[in-house]
Amino acid sequence: MSQQTFSIPYKHPFSPDNKYKKSVVYFSMEFAVDQALKIYSGGLGFLAGSHMRSVYALKQNLIGVGMLWKYGYYDQGRTKDGSMQPEFHEKMYSFLVDTKIRFQVPIMGKDVWIAAYYLPPDVFQSAPLFLLTTDTDGNDDTTRAISYSLYDADVTYKVAQCMVLGIGGARLLEELSYEPQVYHFNEAHGVSGIFHLFKKLKKVAEVKKRVVFTTHTPEEAGNEKHDIHFLENLGFFSGLDLDTVRKISNIKGDTFNHSLAALSMSRKANGVSKLHGEVSRNMWKSHKNIAEIGHITNAQNNTYWVDSELESARIAKGSERISARKKELKRVLFKTVADQCGKIFDPNVLTIVWARRFAAYKRPDMLIWDLERFKKIMENKEQPVQVIWAGKPYPKDEGAIDTFNKLFYTSHHYSNMAVLTGYELALSKLLKDGSDVWLNTPVVTREASGTSGMTAAMNASLNLSTFDGWICEFSKDGENSFLLPVAEGDDINKQDCDNLMQKLETSVIPTYYANQSKWQQMVLNSMNDVSIEFNSDRMAREYYEKLY
């Protein structure tokens, strides 16, 4: 790690634009700012990374606080037969600056040393980032392990990680002599920091003046909850008595709801799409004295994600140029397919990609639920297709890992089906560049926003999706994307699967092969419609205008 000197009191390294002078600290468990810095797992990290890049571009007075994960999330390796297995390897970063800041926080009954490293903004053109770790001198093996792997499967360690982010992040700011006007908690992972703040400021009103909160959870069951005594024993509430904790965080009884606590101690909150804002207001409407919940739709950073040749062709309305460039980009992606899978894909063939975190509600394997129809599509020589899957399940989510491996084993039967490992920023970019269709199949209302389809659309890929998350604000069926009707009744899985197959058979595939002029117009419409509204510069501006 770099040993450059670091000055305290900390001053923001660039002069902020007049519109964005208010000082903000953004707490997030993960950030995907660059492929080289592996401290993210999926959508939350991609979103935070794009946000930090827009902060840099717009010269906003914001710094990020996150975690330095020794093993990252995990590396998606393969077993001897080629199926996936999680692997954990130590990561080293010479581009991070050791701030030499060390302080202790009581966690799990021990005084745990926390060290802070710094990512200067010019390394990846991002907001300045401070990253915290317990893998430092003075800690024993059990406490060093707190910052080993993102989202530890052990509940005690997972909560300890949240405490390092929340309490540790708040303590770091004190060590830096840096007092922001706004503390922005991106998800409720860092909520322990709000109790630290309350202990210092003594009044809920003073805390609320400073705290805002973004929720990413679309259903009540997804909000993290723990026994309040368990949390107290870990040191979660910074020594506050439980009566005070319950009172200020709207908690009744012994079940502590992290999101409810964050909403209760924030002055403003937001969901991450228009639909998610509505779902969130409905979910929390029975609770009094919580923050007003608006919405700021997620977005992705154009500058980072967009292929420059595709973008100049879009601006020139050059559909033929877009098609030609798309084939070049497909060739690049197909080298990875050949390398990993031993299959040669054809850039002239319609290529469908499903790639994001593997999770049951996202239904990654919907395409093979009706195997007969899938087989028919895959074996059609007149209008051929190629399908690629990629994505990381949580390393302990056996169901999602089984789904991934089932797809992998199914791919042995088709020379035009590939299942790739290593879905991180770099592979994500290749897949968005090289796909013609970006398939998105979540159960409706389960996806708060979803952002992978945005960056696919920026790179001339058409979304084929259920009606959920950001898609509701973007999609015009048959004009800029292909939409599945909302399934109703008892068996929504069967309906969605039937609708997907029908859409492919009667609309998507025939349009690509028999009506290229319509396809090209849809691609141009899609690129134009995504370019401003779903660029994270718009989102970063809205956070200053609506939330901060």
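Definitions and limits used
- Residues numbered from 1 in each chain as written.
- Predicted model: local features only at pLDDT ≥ 70, side-chain atom pairs only at ≥ 80, totals over all residues.
- Heavy atoms only, no water.
- Pairing = 2+ DSSP bridges.
- Helix = DSSP H or I, 4+ residues; strand = E, 2+ residues; numbered from the N terminus.
- Axes fitted to C-alpha atoms, helices over the stretch in contact; angles between N-to-C directions.
- Contact = heavy atoms within 4.5 Å.
- 1 Å grid on protein atoms, 1.4 Å probe; cavity = no way out; pocket = protein on both sides within 12 Å on 5 of 7 lines; lining within 4 Å.
- Points joined across faces, edges and corners; volume = space filled by probe spheres on them.
- Nonpolar A, V, L, I, M, F, W, Y, C, P; charged D, E, K, R; others polar.
- Buried < 20%, exposed > 50% of the residue type's maximum accessible area, 1.4 Å probe, protein only.
- Polar contact = N/O pair within 3.5 Å; in protein donor to acceptor, adjacent residues only side chain to side chain.

Draft legend 1. Just the sheet that holds strand β16 (residues 417-420), in detail. On the basis of which strands lie adjacent, the open sheet formed by six strands has the order β16-β15-β14-β17-β18-β19 and parallel pairing. Looking along the sheet, the strands with just one partner apiece sit at the ends: β16 and β19 (481-483). With direction set aside, neighbouring strand axes in the sheet form an average angle of 20°. Of the pairings in the sheet, the one linking strand β14 (residues 350-355) to strand β15 (residues 385-390) comprises six bridges and is parallel in character. Looking at β15, one finds that V353 is bridged to I388. Sheet strands touched by helix α15 (residues 398-411): β15 and β16. Its angle to β16, the strand with the most contacts, is close to 145°. The strands touched by helix α20 (residues 516-531) within the sheet are β14, β17 (437-440), β18 (462-465) and β19, with β18 carrying the most contacts at an inclination of about 90°.

Draft legend 2. Main features of the sheet that holds strand β8 (residues 182-186). The mixed open sheet is built from nine strands, whose spatial order is β5-β6-β7-β2-β1-β8-β9-β12-β13. A strand with exactly one partner marks an edge of an open sheet, and here the two such strands are β5 (97-107) and β13 (292-295). Each neighbouring strand pair of the sheet contributes to a mean axis angle of 25°, computed without reference to strand direction. In the packing of helix α10 (residues 274-284) onto the sheet, contacts are made with β12 (268-271) and β13, and the angle to β13 comes to roughly 165°. Sheet contacts for helix α21 (residues 536-547): β1 (24-27), β2 (62-67), β8, β9 (211-214), β12 and β13; angle to β12, the most-contacted strand, approximately 140°.

Draft legend 3. Local environment of the layout of surface pockets. Taken as a whole, the second largest pocket holds about 210 Å³ of empty space. Residue assignment for the lining of the second largest pocket shows that the elements contributing at least two residues are α13 (319-341) and α20. Partitioned by chemical class, the residues of the lining of the second largest pocket number five nonpolar, five polar and four charged.

Draft legend 4. Molecular detail of the side chain of T466. Relative to the helices and strands, T466 resides in the loop between β18 and α18 (471-474). The class of T466 is buried, set by a relative accessible area of 1%. Of note is the side chain of T466, whose polar atom sits 2.9 Å from the backbone oxygen of P442. Once residues within four sequence positions are removed from consideration, T466 is found in contact with R363, N440, T441, P442, V444, I471, L483, L484 and D496.

Draft legend 5. Focus on empty space enclosed by the protein. In this structure the tally under the stated criterion is four cavities of 30 Å³ or more. Lining the largest cavity, in full, are K38, Y40, S41, Y71, G72, Y73, Y74, D75, K91, K392, Y423 and E424. Approximately 40 Å³ is the volume found for the second largest cavity. In terms of lining residues, the second largest cavity is bounded by I352, L367, F374, I377, M378, V385, V387 and L504. Elements represented by at least two residues in the lining of the second largest cavity include exactly α14 (371-378) and β15. Per element, the largest residue contribution to the lining of the second largest cavity is three residues, and it comes from α14.

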